[in-house]
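Descriptive analysis of the structure
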Amino acid sequence: MKDAWSQIKTDPIKVIEKFFGIKTLEDGGTLWTGARDIISSTFQNRKTVVNAGHAMSKDWSAGLLIITWLLMHGGRSKVVVTAPTASQVKDVIFSEVEKQYLILRQRFPEFRRDALTTRGLKFGPECFAMGLTTKETNEMVGKFQGRHSENMLVIMSEAQAIDSTIFKQIRGLMTSPNSRLLELGNPLVCFGDYFDHCTNPSLGYNVIHLPVHKSPNIVHGREIIPGMASKIWLDEFEQELKEQGVEPNEDAEYQSRALAEFPQQSSSAWIPLSKIKACVDGYRRIKRDSVDKLRVGGLDTARKGNDETVHVTLEGPVMMSMDCFKKVLTPETVGWARQLIDRMNLEGLAIDEGYNPGIVDWLAFENMPVTGVSFGGSSPNE
């Protein structure tokens, strides 16, 4: 093994071929171009984001990558895997790690069976892979701390569903020069960190785009790699949409799961992305061109339950702030309204007094510029 290792230790694809016996697709194996791109990019670039369609072997590639990363850094490397749920960490990513590790042990029995657990792989005190859910790390902000390594790999699965606070915590792990970040996801939503990393080149991510038409099963019209997106699945998907009178390329789900594109327009969407973008552009234009500088505010009151007390301030047609609170007492609501009037120099505050008319009386007694409005009442003039 020592002689073989000296010849391949700088090439992750050769390590995979030697240690796992997995050949490239061209040689009759399952290591197809997309998987090779994911693995090679992770070794070559600090930040890689994978924007993939449905069933494009992202998790299989990640399982192979985790073991390969540990093997290639001489006992001094760590891998942290995170995903929104424990099932995604344990039953998806580390399930793939288990499959590949069993292959490795069959070929090289000196690798210990007890090195593998359902959410971890440990070769030594400074050489291990571990899984954490984003729920764990959100509830315990310091959960990532102390897990540094000179050869650190962080893998984020289902990255489109991971909260921004987790991405901020991840930065704390990327301190060494040989740190790597791999984000795996599907383009389901057009906002958030994952969306930005896929679409904004200035953020420095190497973007790997894997629409389903790149699946070997679809390219060759038969099953080459079991479990990957197939031609029959794609044909059925397109046929169902056409029977509903929907052009596949215009359907948001098809754009995401087949084309691996962030959805731009959908006949079934309540508010298409193009309309949202138009509103944002319009807001910027109104804010820039507005000559109306009158500052006013609005207050919708609540107390118990899940309803929110909401304070809004506007300058002309432009909203300047929105503050939302749950289960607040009347004195707190009055205090916040008073503070907004003073701090924002509001010339008027409209208050929905249907829930608590006492708030209007309280502020009016202090000579605050308030007006009571009963949105739940009937009109005095039909």
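Heads up: the structure comes first, above all this text.
A brief structural summary. (Residues numbered from 1 in each chain as written. Predicted model: local features only at pLDDT ≥ 70, side-chain atom pairs only at ≥ 80, totals over all residues. Heavy atoms only, no water.)

The tally for this structure, following the rule as stated, stands at ten aromatic pairs. Centre to centre, the rings of F43 and W69 are 5.1 Å apart; their planes meet at 45°, and the pair counts as tilted. Residue F43 is found in helix 3 (residues 33-44), and its partner W69 is found in helix 4 (residues 58-71); the two are separated by 26 residues along the sequence. No difference in accessibility class separates F43 from W69, as the two residues are buried. Ring geometry for F111 versus F123: centroids 5.8 Å apart, planes at 50°, classification tilted. Separated by twelve residues along the polypeptide, F111 in the loop between helix 5 (86-107) and strand 3 (116-117) and F123 in strand 4 (residues 120-124) bring together distant segments of the chain. By relative accessible area, which is 14% here, F111 ends up buried. An aromatic cluster is built from Y101, F111 and F123, whose rings are joined through pairwise contacts. (Phe/Tyr/Trp six-rings, centres within 6.5 Å; stacked < 30°, edge-to-face > 60°. Helix = DSSP H or I, 4+ residues; strand = E, 2+ residues; numbered from the N terminus. Buried < 20%, exposed > 50% of the residue type's maximum accessible area, 1.4 Å probe, protein only.)

Time to look at the pairing of strand 11 (residues 318-326). Bridge count for strand 10 (residues 308-315) against strand 11 is eight bridges, and the pairing is antiparallel. Considered in strand 11, the bridge of T313 is made with S321. Hairpin geometry of strand 10 and strand 11 is characterised by an intervening segment of two residues between the two adjacent antiparallel strands and by a positive phi of about 60° at G316. (Pairing = 2+ DSSP bridges.)

Within the largest apolar cluster, 58 residues are counted, with the highest numbers of intra-cluster contacts made by F20, L31, V79, L121 and I155. Of all the elements, helix 4 adds the most residues to this core, at nine residues. If near-sequence neighbours (up to four positions away) are discounted, L31 is found in contact with I13, I16, I22, K23, T24, L25, R36, I39, W60 and L64. With 22 residues, the next largest nonpolar core counts M130, I166, C190 and Y205 among its residues. (Core = buried A, V, L, I, M, F, W, Y, C linked by side-chain atoms within 4.5 Å. Contact = heavy atoms within 4.5 Å.)

The subject of this paragraph is the sheet that holds strand 5 (residues 127-133). Sheet strands pair via backbone hydrogen bonds, and the direction of the pair is either parallel or antiparallel. Here we have eight strands laid out as an open sheet, ordered 3-4-5-2-6-7-1-8, and mixed in their pairing. With one partner strand each, in any of the chains shown, strand 3 and strand 8 (206-210) form the two edges of the open sheet. The sheet contact formed by strand 6 (residues 151-156) and strand 7 (residues 178-185) spans six bridges and is parallel. Among the inter-strand pairings, M156 is bridged to a residue of strand 7, identified as E183.

Any functional reading would require information that these geometric values do not contain.
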